[in-house]
Amino acid sequence: MHHSRPFSLRRGQRVTTTAAAVALTATASLLLSGAGSAEAAGPSRQGSVQRYVALGDSYAAGTGLSPQTNAECKRSSGSYPSWLAETYKPTVFKDVTCSGATTRSLWNKQGSAAPQIAALTKDTDLVTVTLGGNDLGFSDVLTTCVLAGLSTKEGTPCRDALLSSGKNLDADFAKLSTRVPDMLTDIKRRSPEARVVVVGYPNLFPADGSTCGSSVPLAKGDITWLNQATNRLNLLLEMAAYTKQAEFVDTSALFRGKDMCRPSSEQWINPLLPQTPGSAHPNLVGHLMVAHQVYKRLGE
């Protein structure tokens, strides 16, 4: 085990603003100060992590961060799985996270990427997974919400537009409520000795539903609605983890007050505009903090 410096910037990773650099330094200090208790408890029931597999979508892949390690999947070495691997130094680290992945990507090819479940083996001892958001069409929903918010900041124009187009979020959640438990069952079957950690999604917007600046052009009611959808998704993931003897790491509280509507020096989430590959995704500090949250859980 190598825990003397569990999280630090690697060569090639840069923070572009002075304020962000200060935030990152503070984050690293926080991570280091919390390392002792987690190290004493041990990161897993086996006492160490030897074979780690990371499953998931863009929120696990570190989409928008550099340097990239896989262009097709927009996977980055700044992602929370990469920080965990940097900390635990497993003998085997398989990162098969991929931007755009749904629960179907667990069992089916995604472009040239093999089914994610193929990375699991009998002796895998740690699995992290962040999946479910794309099953709900979250990216398309956000695009619709931006277009609706450009015309008005009142009411819920995005929700109304989606309903009128036939989008049925309740039906999507109903499908996901069976797919996530099936996913965890298969992960457990493939890797029966592993600790399986389901990592939830951050809340992207202010909890009070307040509107934001031009970089987040959404109606007030839609911000509230989107927050409710994220909370509903996280609850579904948490309940599935509980019923399938997996573990759940909640990141929503972690990002409170660090959403995309905060000043840039306080953001852990990239704003919607200008549109980039990392829009509406955690930045480097956000991924570091998610890694620390998982790290703490593994020490329990």
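Residues numbered from 1 in each chain as written. Predicted model: local features only at pLDDT ≥ 70, side-chain atom pairs only at ≥ 80, totals over all residues. Heavy atoms only, no water.

**Looking at the overall build of the chain**
Thinking step 1. Looking only at helices and strands, the chain features 10 helices and 7 strands.
Thinking step 2. The buried share of the chain, reckoned over its 300 residues, is 53%.
Thinking step 3. Looking at the chain alone, contacts between residues at least 24 apart form 75% of all its contacts between residues at least 6 apart. (Helix = DSSP H or I, 4+ residues; strand = E, 2+ residues; numbered from the N terminus. Buried < 20%, exposed > 50% of the residue type's maximum accessible area, 1.4 Å probe, protein only. Contact = heavy atoms within 4.5 Å.)

**Regarding the sheet that holds strand S5 (residues 126-130)**
Thinking step 1. With parallel pairing, 5 strands are arranged side by side in an open sheet as S4-S1-S5-S6-S7. Whereas interior strands pair on both sides, the edge strands pair on one side only; in this sheet they are strand S4 (92-95) and strand S7 (247-249). Direction aside, neighbouring strands of the sheet carry axes that sit 15° apart on average.
Thinking step 2. Across 4 bridges, the pairing between strand S1 (residues 51-56) and S4 is parallel. Bridging from a neighbouring strand, Tyr52 pairs with Phe93 of S4.
Thinking step 3. In the packing of helix H8 (residues 169-190) onto the sheet, contacts are made with S1, S5 and strand S6 (195-199), and the angle to S6 comes to roughly 150°. (Pairing = 2+ DSSP bridges. Axes fitted to C-alpha atoms, helices over the stretch in contact; angles between N-to-C directions.)

**A few points about helix H4 (residues 80-88)**
Thinking step 1. Summarising burial for H4: 8 of the 9 residues are buried, a large majority.
Thinking step 2. All buried positions along H4 are accounted for by Tyr80, Pro81, Ser82, Trp83, Leu84, Ala85, Thr87 and Tyr88.
Thinking step 3. A positive phi of about 50° marks Lys89, the residue just after H4.

**As for the confidence of the model for the chain**
Thinking step 1. Of all residues in the chain, 84% have pLDDT values of 70 or greater, and the mean over the chain is 87.
Thinking step 2. Scored below 50 in pLDDT, residues 1-5 makes 13 contacts in the model with residues more than four places away or belonging to other chains.
Thinking step 3. Throughout residues 14-19 the model reports pLDDT below 50, and contacts reaching past four residues in sequence, or to other chains, amount to 6 contacts. (pLDDT = per-residue confidence, 0-100.)

**A look at the packing of helix H6 (residues 138-149) against helix H9 (residues 220-243)**
Thinking step 1. Where H6 contacts H9, the two axes come as close as 12 Å, and the packing angle between them is 170°. The angle between H6 and H9 places the two elements in the roughly antiparallel class. On H9, the residues touching Phe138, Val141, Leu142 and Cys145 of H6 are Trp225, Leu226 and Thr230.
Thinking step 2. Of the residues belonging to the contact of H6 with H9, the class tally is 6 nonpolar, 1 polar and no charged. (Parallel < 35°, antiparallel > 145°, perpendicular 65-115°, else oblique. Nonpolar A, V, L, I, M, F, W, Y, C, P; charged D, E, K, R; others polar.)

**A closer look at the pairing of S6**
Thinking step 1. Here S6 lies mainly inside the structure; 5 of its 5 residues are buried.
Thinking step 2. The two faces of S6 match: Arg195, Val197 and Val199 on one face and Val196 and Val198 on the other face are all buried.
Thinking step 3. Inspection of the sheet shows S5 paired to S6 by 4 bridges, in the parallel sense. Of the residues in S6, the one forming a bridge with Val127 is Val196.
Thinking step 4. As defined by bridge partners, S6 adjoins S7 across 3 bridges and the pair is classed as parallel. Within S7, the position partnered with Val199 by the bridge is Val249.

**Description of the state of the cysteines**
Thinking step 1. All told, the structure shown has 3 disulfides when counted by the stated rule.
Thinking step 2. Between Cys145 and Cys158 runs a disulfide, and the two sulfur atoms are separated by 2.0 Å. The disulfide joining Cys145 to Cys158 has a torsion of about -70° about its S-S bond and is therefore left-handed. With Cys145 in helix H6 and Cys158 in helix H7 (residues 157-164), this residue pair connects regions lying 13 residues apart in the sequence. In this pair, the class of Cys145 matches that of Cys158, namely buried.
Thinking step 3. Disulfide pairing is shown between Cys212 and Cys261; the S-S distance is 1.6 Å. Where Cys212 bonds to Cys261 through sulfur, the torsion about that S-S bond is close to 75°, and the disulfide is right-handed. Placement of the pair is Cys212 in the loop between S6 and H9 and Cys261 in the loop between S7 and helix H10 (284-298), with a sequence separation of 49 residues.
Thinking step 4. Each bonded cysteine of the chain is numbered by sequence order, and under that numbering the disulfide pairs are 1-2, 3-4, 5-6. (Disulfide = S-S within 2.5 Å.)

**So, the packing of H8 against H9**
Thinking step 1. Orientation of H8 relative to H9, taken along the N-to-C sense of each, is 30°, at an axis distance of 9 Å. Here H9 runs roughly parallel to H8, going by the angle between their axes. Of the two elements, H8 crosses H9, and the hand of that crossing is right-handed. On H9, the residues touching Leu169, Asp170, Phe173, Leu176, Ser177, Val180, Pro181 and Leu184 of H8 are Trp225, Ala229, Arg232, Leu233, Leu236, Leu237, Ala240 and Ala241.
Thinking step 2. Residue classes in the contact of H8 with H9 are distributed as 13 nonpolar, 1 polar and 2 charged. (Left-handed = near helix turned anticlockwise from the far one by under 90°.)

**Observations concerning the nonpolar core**
Thinking step 1. Counting 77 residues, the largest nonpolar core has Leu184, Ile187, Leu204, Phe205, Leu218, Leu226 and Leu272 as its most contacted members.
Thinking step 2. The residues contacting Phe205, other than those within four sequence positions of it, are Leu142, Val216, Leu218, Ile223, Leu226, Asn227, Asp259, Met260 and Leu272. (Core = buried A, V, L, I, M, F, W, Y, C linked by side-chain atoms within 4.5 Å.)

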